[in-house]
Number of protein chains: 2
Amino acid sequence: MSEIRQNAATREWVIIAPERARRPRHTFLAMERAIVPAYDENCPFCPGNEEVTPAEIWRLTGEDGWRVRVVPNKYSALSQGAELKRERQGLHQSVTGVGLHEVLIETPAHNRTTAQLPEEHVAEILACARSCYSRAIDDRRIDHVVIFKNHGAAAGTSLTHPHWQIIGLPLVPSQVRGRVEDALRYFDDFGECVYCRMIEDERSSGVRVILETDSFITFCPYASASPYHTWILPKTHAAAFDAITLSELKDLAKNLREVLSRFYHGLEDPDFNLVLRSAPRSHAGVAYYHWYLSIVPHLATPAGFELGTGMFLNASVPEDCAATLRNVVLPER
Amino acid sequence: MSEIRQNAATREWVIIAPERARRPRHTFLAMERAIVPAYDENCPFCPGNEEVTPAEIWRLTGEDGWRVRVVPNKYSALSQGAELKRERQGLHQSVTGVGLHEVLIETPAHNRTTAQLPEEHVAEILACARSCYSRAIDDRRIDHVVIFKNHGAAAGTSLTHPHWQIIGLPLVPSQVRGRVEDALRYFDDFGECVYCRMIEDERSSGVRVILETDSFITFCPYASASPYHTWILPKTHAAAFDAITLSELKDLAKNLREVLSRFYHGLEDPDFNLVLRSAPRSHAGVAYYHWYLSIVPHLATPAGFELGTGMFLNASVPEDCAATLRNVVLPER
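Remember, predicted model here, so these are calculated numbers, not experimental data.

## Some words on the interface of chain B and chain A
In this complex, chain B contributes 77 residues to the contact, which on the side of chain A involves 77 residues. Summing both sides of the interface, chain B and chain A together bury roughly 6,300 Å²; the carbon and sulfur share of this comes to 66%. Between the two partners, chain B and chain A, sit 0 salt bridges. Linking chain B to chain A there are 20 residue pairs in polar contact (both at pLDDT 80 or more). Across the side of chain B that touches chain A, the residue classes tally to 38 nonpolar, 25 polar and 14 charged. Sheet topology places strand β1 (residues 3-6) of chain A next to strand β6 (residues 92-96) of chain B; 4 bridges connect them, and they run antiparallel. Considered in β6(B), the bridge of A:Ile4 is made with B:Val95.

## Focus: the side chain of A:Glu102
Residue and element names in this part refer to chain A. With respect to the element layout, Glu102 can be found in strand β7 (residues 100-105). Within polar-contact distance, the side chain of Glu102 engages the side chain of Arg135 at 2.9 Å. Leaving out residues up to four positions away in the same chain, Glu102 has contacts with Ile57, Val70, Val71, Pro72, Asn73, Cys132, Arg135, Trp164, Gln165 and Ile166.

## Examining the pattern of salt bridges
All names here are of chain A. Overall, the coordinates contain 34 salt bridges over all chains when judged by the stated rule. The salt bridge involving Arg179 is made with Glu12; its shortest N-O contact spans 3.4 Å. Of this pair, Arg179 sits in helix α2 (residues 174-190) while Glu12 sits in the loop between β1 and β2 (13-16), and the two are 167 residues apart along the sequence. Take Arg179: its relative accessible area is 8%, and that puts it in the buried class. According to the relative accessible area criterion, Glu12 is partly exposed, its value standing at 24%. Through salt bridges with shared partners, a single ionic network connects Glu3, Arg5, Glu202, Arg208 and Glu319.

## A few points about the pairing of strand β4 (residues 65-72) of chain A
Residues and elements named next belong to chain A. Here strand β3 (residues 58-62) pairs with β4 via 5 bridges, running antiparallel. Bridge assignment links Trp58 to a residue of β4, and that residue is Val70. Between the end of β3 and the start of β4, which pair antiparallel, lie 2 residues. Taken together, the 4 bridges between β4 and β7 define a ladder with antiparallel strand orientation. For Arg69, the partnering residue across the bridge sits in β7 and is Ile105.

## Some words on the packing of helix α1 (residues 119-138) of chain A against helix α4 (residues 246-266) of chain A
Residues and elements named next belong to chain A. Direction vectors running N to C along α1 and α4 enclose 120 degrees, while the axes themselves pass 8 Å from each other. The pairing of α1 with α4 is recorded here as oblique in orientation. Pair α1 / α4 crosses with right-handed handedness. Packed against α1, whose contacting residues are Glu119, Val122, Ala123, Leu126, Ala127 and Arg130, the element α4 presents Leu246, Leu249, Lys250, Leu252, Ala253, Lys254, Leu256 and Arg257 at the interface.

## Section: the sheet that holds strand β15 (residues 312-314) of chain A
Ordered in space as β15(A)-β2(A)-β1(A)-β6(B)-β5(B), the 5 strands form an open sheet in which the pairing is mixed. Looking along the sheet, the strands with just one partner apiece sit at the ends: β15 of chain A together with β5 (86-89) of chain B. The sheet shows a mean angle of 25 degrees between the axes of neighbouring strands, taken without regard to direction. Note: β5(B) against β6(B), 4 bridges, orientation antiparallel. Of the residues in β6(B), the one forming a bridge with B:Glu87 is B:Ser94.

## Observations regarding α1(A)
Each full turn of the α-helix corresponds to 3.6 residues, which orients residues three or four apart in the same direction. Residues and elements named next belong to chain A. In this model, α1 (20 residues) spans 29 Å end to end at C-alpha, consistent with the 28 Å of a helix rising 1.5 Å per residue. Burial in α1 covers these residues: Glu119, His121, Val122, Ala123, Ile125, Leu126, Cys128, Ala129, Cys132, Tyr133, Ala136 and Ile137. In this structure, the buried side of α1 is in contact with β3, β4, β7, β8 (144-151), β9 (163-169) and α4.

## As for the relation of the copies chain B and chain A
Note on the copies: chain B fits chain A at an RMSD of 0.0 Å, the axial shift is 0.0 Å, and the rotation between them is 180 degrees. The superposition operator between the copies reduces to a two-fold rotation axis.

## Focus: the packing of aromatic side chains
Applying the stated criterion to the full structure yields 24 aromatic pairs over all chains. Aromatic pair A:Tyr186 and A:Phe190: ring centres 4.6 Å apart, planes at 40 degrees, arrangement tilted. Within this pair, A:Tyr186 and its partner A:Phe190 are both found in helix α2, separated by 4 residues, close to a single helical turn. Where B:Phe219 meets B:Trp231, the ring centres are 6.4 Å apart and the plane angle is 55 degrees; that geometry is what we call tilted. Taken as a pair, B:Phe219 in strand β11 (residues 216-219) and B:Trp231 in strand β12 (residues 230-234) lie far apart in primary sequence, 12 residues in all. Each member of the pair, B:Phe219 together with B:Trp231, is buried. Of the aromatic side chains, those joined through ring pairs into one cluster are A:Tyr195, A:Phe219, A:Trp231, A:Tyr289 and A:Tyr292. Note that A:Arg69 overlies the ring of A:Trp66, its terminal NZ or CZ placed 5.7 Å from the centroid.

## Concerning the side chain of B:Thr157
Residues and elements named next belong to chain B. For Thr157, the position within the fold is in the loop between β8 (144-151) and β9 (163-169). Side-chain polar atoms of Thr157 contact the backbone oxygen of Asn150, separated by 3.3 Å. Polar contacts involving the side chain of Thr157 include one to the main-chain carbonyl oxygen of Gly152, which spans 2.6 Å.

## Overview of unusual backbone geometry
Residues and elements named next belong to chain B. Positive phi values are uncommon outside glycine, yet Arg11 reaches one of about 65 degrees. Its place among the elements puts Arg11 in the loop between β1 (3-6) and β2 (13-16). Despite not being glycine, Asp269 has its phi angle at roughly 50 degrees, a positive value. Topologically, Asp269 is positioned in the loop between α4 (246-266) and β13 (272-277). We classify Asp269 as buried; its relative accessible area is 14%.

## Section: the sheet that holds β4(A)
Residue and element names in this part refer to chain A. Sheet architecture is open: 10 strands sit in the order β3-β4-β7-β9-β8-β13-β14-β12-β11-β10, paired in antiparallel fashion. The sheet terminates laterally at β3 and β10 (209-212), the two strands that pair on one side only. Ignoring which end each strand starts from, the neighbouring axes of this sheet average 15 degrees apart. Where β7 and β9 come together, 6 bridges link them in antiparallel fashion. By the bridge assignment, Leu104 is partnered in β9 with Trp164. Sitting on the sheet, α1 touches β3, β4, β7, β8 and β9, and the angle it makes with β4 is about 30 degrees.

About the cut-offs
- Residues numbered from 1 in each chain as written.
- Chains lettered and ligands numbered in written order.
- Predicted model: local features only at pLDDT ≥ 70, side-chain atom pairs only at ≥ 80, totals over all residues.
- Heavy atoms only, no water.
- Contact = heavy atoms within 4.5 Å.
- Buried area = accessible area lost by both parts, 1.4 Å probe.
- Salt bridge = Lys/Arg side-chain N within 4 Å of Asp/Glu carboxyl O.
- Polar contact = N/O pair within 3.5 Å; in protein donor to acceptor, adjacent residues only side chain to side chain.
- Nonpolar A, V, L, I, M, F, W, Y, C, P; charged D, E, K, R; others polar.
- Pairing = 2+ DSSP bridges.
- Helix = DSSP H or I, 4+ residues; strand = E, 2+ residues; numbered from the N terminus.
- Buried < 20%, exposed > 50% of the residue type's maximum accessible area, 1.4 Å probe, protein only.
- Axes fitted to C-alpha atoms, helices over the stretch in contact; angles between N-to-C directions.
- Parallel < 35°, antiparallel > 145°, perpendicular 65-115°, else oblique.
- Left-handed = near helix turned anticlockwise from the far one by under 90°.
- Expected span 1.5 Å × (residues − 1).
- Least-squares fit on C-alpha atoms with pLDDT ≥ 70 in both.
- Phe/Tyr/Trp six-rings, centres within 6.5 Å; stacked < 30°, edge-to-face > 60°.
- Lys NZ or Arg CZ within 6 Å of the ring centre and 35° of its normal.

What follows is the structure in structure tokens.
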């Protein structure tokens, strides 16, 4: 029989139904990955095409040219050059699309995913993401910053070249607001951060842990929304991402690169979304919220049930997923 | 410049960014639809294979055999033959997977979508869905019923043969709970149902309306989450779907069939999810919540931004989508 589990932090329920894994499947989720060249002359993120992107914001220079670049998104969802105005007409409320939408190009190599980059390079990417975060939150019109990466077409990528995106919003999304409120309620009830409690809980049971280092812990949450859903949490409490120190950045790079390598080698390079969930500006230093990275491989397609309830139907058991990932044999470096 | 709009009922924000429609796209969303035969001997829902499904719950018989069938889902996410138990261990809360998961087979024809069925047949499907709903909510262990249909692989279908699904849950999902609470707050503040207010608003402006009949109105919401996102609402206030009358069922069939025909002929038969959002059991007769049908065509892929914020990035303007759908030339019947 299936089991319905609740995530203590987000209060979201998930149906864990391993029996459903037996049902016949369409083949399109097992799409073969095309062979990607190391360089594509038509790719706006490949070296030599630097003029195709909007004016560069930042670059890290290495021995043979740039190693990481940040540019504005050419098809930006939001723009900084506008006045923030809120309008209300009867039932309709709108805000002008003020904000920031940037692209962090991870590497000059068109075909190298984060899993294949050296750990030091991943640390550089994360340091760059922290700078982008700080710069975005410096704009007083921006209330919330979200950083994410889409890998593969099923995860919504429109460009293959490895990149992250940074979006600064002039408001707090209602989902984020709800999570902060839920965390505050837990704090009021129990006098501690629910995410800190969860870290202790995962450490003591160990069954869902993939990796633990000095500053971070990587695990499949108890109420994982989908197969191999993974969270990476800082062990020292911090509500906002930009509180991260240099040594923590290196440690985060180790966790991130390792779990992505385990996906790459153990799950045949699945499409995935990666999201950095940090506190809204107004909750940056609070004791009750905790930033983290969430990674969701696309091994199942959310459908009408998920859309109509906000719940997820997961045909895999989180403890099994964690064990599988722990057991992936990684190539020697 | 883009605009950020809020749905007054769900309080969810959406970025309406038509400039993004210009960006290059992967081709996989324009997947060609394979030609589907009228009969597939390996399909468990095709006539002759009635023994392959679990024992039939209900059928509507026509002149040449059944016209609509209801069967339990063979790979059920939940089961009725179990005891409802809630367990709490430290941080972890779980509920046994008690509930109902049924399949409504729309037609014996393997290759006819809802858009292609006669209006009377669609009314029969909806009447059948109402019976399923009532039967599910009769089980006192079930707190919430969701009815949905997935059309096409990108929408999560594992079987091509046209079918709907009914899931009865032993709890209220947090997203649904949030929406009911938001509707209650609006009612407290303004003394009316926010959905009734929205209907009046859409009728008076008319720019987002696709179709209006005696009992229903079909429109693209002001804060549509994605291109051609469509809502169908009953004009007479009702919180739960099973309050629908026979004449309203016929009128709903007219709205549903017509909008799906406009998708089919105007948007080249897109994959879509359809969800019937009704009140939880405990809110069945309330003045502040309002049931409706939501249809989301898969013309864009939700990605890290949507996952990390619960917001949506929509590259189309709802008023333009409604106009396009109104202008679709339907074949004569």
